[in-house]
Amino acid sequence: MSEDERLTELAKRRGFFFQSSGAYGGVAGFYVYGPEGATLKENLQDAWRDRFVRREGHMEIESPAIMPEPVFEASGHLDGFDDMIVECPECGASHRADHLVEDETDIEEAESIAIPDIEALIAEHDLVCPSCGTALAGESVEDFNLMFGTNIGPGSSSPGYLRPETAQGIFVEFPRLKEYARGQLPFGVAQIGAAYRNEISPRKGLVRLREFAQAELEHFVDPETDEPPLERVADVEVTLYSAAEQEDADGEPRTMTVREAVDAGVVGSDWVAYYLGVAQGWYERVGVDMDRFRYRQHQSGELAHYAADCWDAEAEVGGDWIEITGFAYRGDYDLSKHAEYGDDDFTIFKQYDDPVTVETATVDPDMSYLGPEFGGDAGAVKDALEDLAERDRSAFESDEVTVAVDGEDRTVPVEKTGFAVEEVTEAGEHVTPHVVEPSFGVDRIVYTVLAHGLRTDEAGETVDEGGGSGAEPSGEEADDGEERTVLSLPPEVAPTGVAVFPLMDKDGLDERAREIAEGLRAAGFEVAYDDSGSIGRRYRRQDEVGTPFCVTVDYDTLEDGTVTVRDRDTTAQARVGTDDLAGTIGDLLTGDRTVADF
Ligand code: GAP
């Protein structure tokens, strides 16, 4: 079984995730998180919130998933958010054309290739429909917009779309959000929520979905003056696969510190470099295997329509590198576009330390002259004179001034323009902030953490299967040598923190075990209770869902108040007292103590 198949099998059997609407044949690209998966996802989101919102001092909002069409006209998604589609002439199946090329050739990033070249590659490599085997050479490749459309209210007069990124809900609300930031840059706004893309070919479980969760941070900065606290991550080592290395036949990813990457110009934006450094530690914290991880820079043809530069965090799963996060420098693209299309102020007023006096050139044209002279073009001539006065006041030094309107020169006596140079004292200026955006795909991180945490090993442990007495478990080696499946999730994200088992479901062991489980729940832990099957089987069940610790209540518990605590990863066991079991479990979960310390 491949890594993806093993993961998908476990995920379905143990309640992590499975395809939705199974009773109706299933719908590609829509998944359900089962009880284990929903908690794992929530824990990951909490860990993200802790690192990227709370510890960075940013704010978090929640905005609607449906937004009106003009938002997406402004953002560029209506025109430019397309993938390449090719349809099979025989069976009618639709396929993502660039993925067909990637799957069947050595080309890695076919997304950046132009449509005519993709058509040529399909013909050159004799690519066929994956569904029915019909040749696709000669079939036209088209742009397919990925947004799900809808109508807001009855009728069709108010079209809307499900947001393809949560980011737009932040940009559109910038005029309000800047007030909460008291008009001061820099500030960051985060949002965790669903995004929707009508993917042509959803695939690989949670990797390419039509409804997925994003955790996005839009950090608004003044590009002239704001700098990130780079020193906090300067020594963090990152593996970077730059665009230049990708283009070089002998190129390869290189490992260096964040400081070295900035000094050598490998990462052009200090802000992007800062977040690469912050995120590196976060991925490790939530269970991404850093030996199967890298940052890859977008090649120029691959950049989204809004991005000036972008680095993807990529994790290797099942032999493929999957993009789990994009770190984009969006410049002032989004706020400028919403200022152009929307009806609000998308700038920040930046107060100068000391007011400055500047000379400004203005015009106040005599319309009783321009009107008769230029008729319907008089307004345009006035606008052109205003522009020219701002750009080049020397043009007003002679007796006449000439401006072009619709390609035609219009000459006006300077005395009719009302040209004047005035001194104006300015307290500050309006600036359009730039945006630095770390955009995390939550589902892909769930998938990666599960894949990287999943392993099989041989159980070589001693298991107390009944009646043991004394300080150590009695040691019936029921499962020694048996293969076990273990999900080594970090305790912070594991769906269950601790499982409690009564050795026997009788003799008061069950009652005591339930009391202990309740006590741990009251102390705030996620607790599973399991009283069915052998203790070895119960360990295996918890290992598979990543529960870091198990507590077994046996006959000694009734005598001396101790229980067996067992560590998922090492399978080490120890007897610990129940007086402060919550404190002990808390220490074990945070790593302040290990089972070997008892
Ligand atoms: N606001 C920027 C943005 O949306 P993106 O690279 O298109 O950038 C960000 O998406 C992240 O969302 C990706 O790195 C990926 O992890 C996740 N993502 C994108 N499309 C997805 C899909 N169809 N299914 C699951 N996750 C997806």
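Residues numbered from 1 in each chain as written. Predicted model: local features only at pLDDT ≥ 70, side-chain atom pairs only at ≥ 80, totals over all residues. Heavy atoms only, no water.

J.: I'm lost on the environment of His-95 in this one. Help?
T.: Within the fold, His-95 resides in strand 6 (residues 94-96). Among the residues examined, His-95 registers a relative accessible area of 8% and is labelled buried. Residues His-95 and Ile-115, spaced 20 residues apart in sequence, show a C-alpha to C-alpha distance of 14 Å. With residues near it in sequence (within four places) discarded, His-95 still touches Met-84, Ile-85, Val-86, Leu-100, Cys-129, Pro-130, Ser-131, Ile-200 and Ser-201. (Helix = DSSP H or I, 4+ residues; strand = E, 2+ residues; numbered from the N terminus. Buried < 20%, exposed > 50% of the residue type's maximum accessible area, 1.4 Å probe, protein only. Contact = heavy atoms within 4.5 Å.)

J.: Can you help me understand the packing of aromatic side chains in this one?
T.: One pair of aromatic rings is described through two measures. These are the centre distance and the angle between the planes. Applying the stated criterion across every chain, the model contains 21 aromatic pairs. Geometrically, the ring pair formed by Phe-501 and Tyr-539 is tilted, given 5.8 Å between the ring centres and 50° between the ring planes. Placement of Phe-501 in strand 24 (residues 498-502) and of Tyr-539 in helix 17 (residues 535-544) is noted, with a sequence separation of 38 residues between them. On the accessibility criterion, Phe-501 (0% relative accessible area) is buried. Among the aromatic side chains, those forming a connected cluster through ring pairs are Trp-48, Phe-52, Trp-282, Tyr-283, Phe-293, Tyr-295, Phe-327 and Phe-440. Directly above the aromatic system of Tyr-306 lies the positively charged group of Arg-330, at a separation of 3.4 Å from the ring centroid. (Phe/Tyr/Trp six-rings, centres within 6.5 Å; stacked < 30°, edge-to-face > 60°. Lys NZ or Arg CZ within 6 Å of the ring centre and 35° of its normal.)

J.: How should I be thinking about the pattern of salt bridges in this particular structure?
T.: It is possible for side chains of opposite charge to pair when their charged atoms get near one another. In the structure shown here, the tally under the stated rule is 48 salt bridges. Measuring nitrogen to oxygen at the nearest pair gives 2.6 Å for the salt bridge that ties Arg-296 to Glu-302. When sorted by exposure, Arg-296 lands in the same class as Glu-302, which is buried. Of the charged contacts in the structure, one is a salt bridge between Arg-514 and Asp-531, with a shortest N-O distance of 3.6 Å. (Salt bridge = Lys/Arg side-chain N within 4 Å of Asp/Glu carboxyl O.)

J.: Teacher, can you tell me more about the sheet that holds strand 21 (residues 434-441) here?
T.: Strand pairs in the sheet, formed through backbone hydrogen bonds, run parallel or antiparallel to each other. With respect to topology, nine strands assemble into an open sheet ordered 3-10-11-21-16-15-14-12-13, the strand pairing being mixed. The outermost strands of the open sheet, each flanked by one partner alone, are strand 3 (59-60) and strand 13 (254-257). In the sheet, strand 12 (residues 237-241) pairs with strand 13 via four bridges, with the strands oriented antiparallel. Across the sheet, residue Val-238 finds its bridge partner in strand 13, namely Met-256. (Pairing = 2+ DSSP bridges.)

J.: Is there a simple way to think about the pairing of strand 15 (residues 309-317) in this case?
T.: Burial of strand 15 is extensive: nine of the nine residues sit out of reach of the surface. What you see with strand 15 is no split at all: Asp-309, Trp-311, Ala-313, Ala-315 and Val-317 on one side and Cys-310, Asp-312, Glu-314 and Glu-316 on the other are buried throughout. Of the strand pairs in this sheet, strand 14 (residues 293-297) and strand 15 are connected by five bridges, and their pairing is antiparallel. For Arg-296, the partnering residue across the bridge sits in strand 15 and is Asp-312. In textbook terms, the turn of a hairpin is the stretch between consecutive antiparallel strands, and for strand 15 and strand 16 (residues 320-331) this stretch comprises two residues, one of which, Gly-318, has a positive phi near 60°.

J.: I keep staring at the pairing of strand 10 (residues 187-196) and nothing clicks. Help me out?
T.: Consecutive residues of a regular strand have side chains that alternate between opposite faces of the sheet. Burial within strand 10 is extensive, with nine of its 10 residues counted as buried. In this sheet, strand 10 lies alongside strand 3 in parallel orientation, the contact comprising two bridges. Within strand 10, the position partnered with Met-59 by the bridge is Val-189. In the sheet, strand 10 pairs with strand 11 (residues 211-221) via 10 bridges, with the strands oriented antiparallel. Note that in strand 11 the partner of Gly-188 across the bridge is His-219.

J.: In this structure, what is going on with the domain arrangement of the protein chain? I would like to understand it.
T.: When the parts come together, some accessible area is lost, and that loss is often what is quoted as the size of the interface. When cut into domains, the protein chain gives domain 1 (34-79 + 146-333), domain 2 (82-144), domain 3 (354-431) and domain 4 (459-597). The C-alpha-based centres of domain 1 and domain 2 are spaced at 28 Å. Listed as interface residues are 12 residues of domain 1 and, on the opposing side, 12 residues of domain 2. Three residues stand out in domain 1 for area buried against domain 2, namely Leu-146, Ile-200 and Arg-203, and they jointly supply 47% of the buried area on that side. At the boundary of domain 1 and domain 2, one finds three salt bridges. A salt bridge links Glu-199 to Arg-96, with the nearest nitrogen and oxygen atoms 4.0 Å apart. Applying the counting rule to domain 1 against domain 2 returns four residue pairs in polar contact (both at pLDDT 80 or more). When grouped by side-chain class, the residues that make up the side of domain 1 that touches domain 2 number two nonpolar, four polar and six charged. (Domains from an automatic or database assignment. Buried area = accessible area lost by both parts, 1.4 Å probe. Polar contact = N/O pair within 3.5 Å; in protein donor to acceptor, adjacent residues only side chain to side chain. Nonpolar A, V, L, I, M, F, W, Y, C, P; charged D, E, K, R; others polar.)

J.: How do you make sense of the site of the ligand when you look at a structure like this?
T.: The ligand sits among 20 residues. The nearest are Glu-165, Glu-199, Leu-209, Glu-216 and Glu-323. Between the ligand and the protein, one listed contact pairs a nitrogen atom with a backbone N or O atom of Val-207 at 3.3 Å. The separation between an oxygen atom of the ligand and a polar main-chain atom of Thr-325 is 3.4 Å. Here the ligand loses 92% of its free accessible area of 560 Å² to cover by the protein chains. Contributions of two or more residues to the shell around the ligand are made by strand 11, strand 16 and strand 21. Of the residues belonging to the shell around the ligand, the class tally is six nonpolar, five polar and nine charged. (Near = heavy atom within 4 Å. Areas by Shrake-Rupley, 256 points an atom, 1.4 Å probe, with all protein chains shown as cover.)

J.: I tried to follow a negative patch on the surface on my own but got confused; where do I start?
T.: Together, Glu-227, Asp-235, Glu-237, Glu-260, Asp-263 and Asp-270 make up a region of like negative charge exposed at the surface. Take Asp-235: it is sitting in the loop between strand 11 and strand 12. (Patch = residues over 30% accessible without salt bridge, like charges linked within 9 Å, V, L, I, M, F, W, Y side chains within 5 Å. Lys, Arg positive; Asp, Glu negative; His and termini not counted. Charge placed at Lys NZ, Arg CZ, Asp CG, Glu CD.)

J.: When you look at the side chain of Thr-578 in this model, what are you seeing that I'm missing?
T.: Take Thr-578: it is sitting in the loop between strand 28 (573-577) and helix 19 (581-590). Within the structure, the side chain of Thr-578 is placed 2.7 Å from the backbone oxygen of Gly-561, a separation counted as a polar contact. Residues within four places of Thr-578 in sequence aside, it is in contact with Arg-512, Ile-516, Gly-561 and Val-563.

J.: What should I look at first to understand the environment of Val-172 in this one?
T.: In this fold, Val-172 is placed in the loop between helix 7 (167-171) and helix 8 (174-180). Accessibility expressed as a relative area gives 22% for Val-172, which makes it partly exposed. In this structure the C-alpha to C-alpha distance between Val-172 and Glu-104, which are 68 residues apart in sequence, comes to 41 Å. Beyond its immediate sequence surroundings of up to four residues, Val-172 is in contact with Met-67, Val-71, His-338 and Phe-346.

J.: Would you take a moment to explain the environment of Asp-309 for this structure?
T.: With respect to the element layout, Asp-309 can be found in strand 15. By relative accessible area, which is 15% here, Asp-309 ends up buried. As for Asp-309 and Gly-268, which are separated by 41 residues in sequence, their C-alpha atoms are 8.1 Å apart. Of note is the side chain of Asp-309, whose polar atom sits 3.1 Å from the side chain of Gln-297.

J.: Could you clarify how one ought to interpret the sheet that holds strand 25 (residues 527-529) in this entry?
T.: Overall, mixed pairing links the five strands, which are arranged 25-24-26-27-28 in an open sheet. For this open sheet the edge positions go to strand 25 and strand 28, each flanked by a neighbour on one side alone. Each strand of the sheet is rotated relative to its neighbour by a mean of 25°, with strand direction disregarded. Taken together, the five bridges between strand 27 (residues 562-567) and strand 28 define a ladder with antiparallel strand orientation. Considered in strand 28, the bridge of Val-563 is made with Val-576. In the packing of helix 19 onto the sheet, contacts are made with strand 24, strand 26 (549-553), strand 27 and strand 28, and the angle to strand 26 comes to roughly 155°. (Axes fitted to C-alpha atoms, helices over the stretch in contact; angles between N-to-C directions.)

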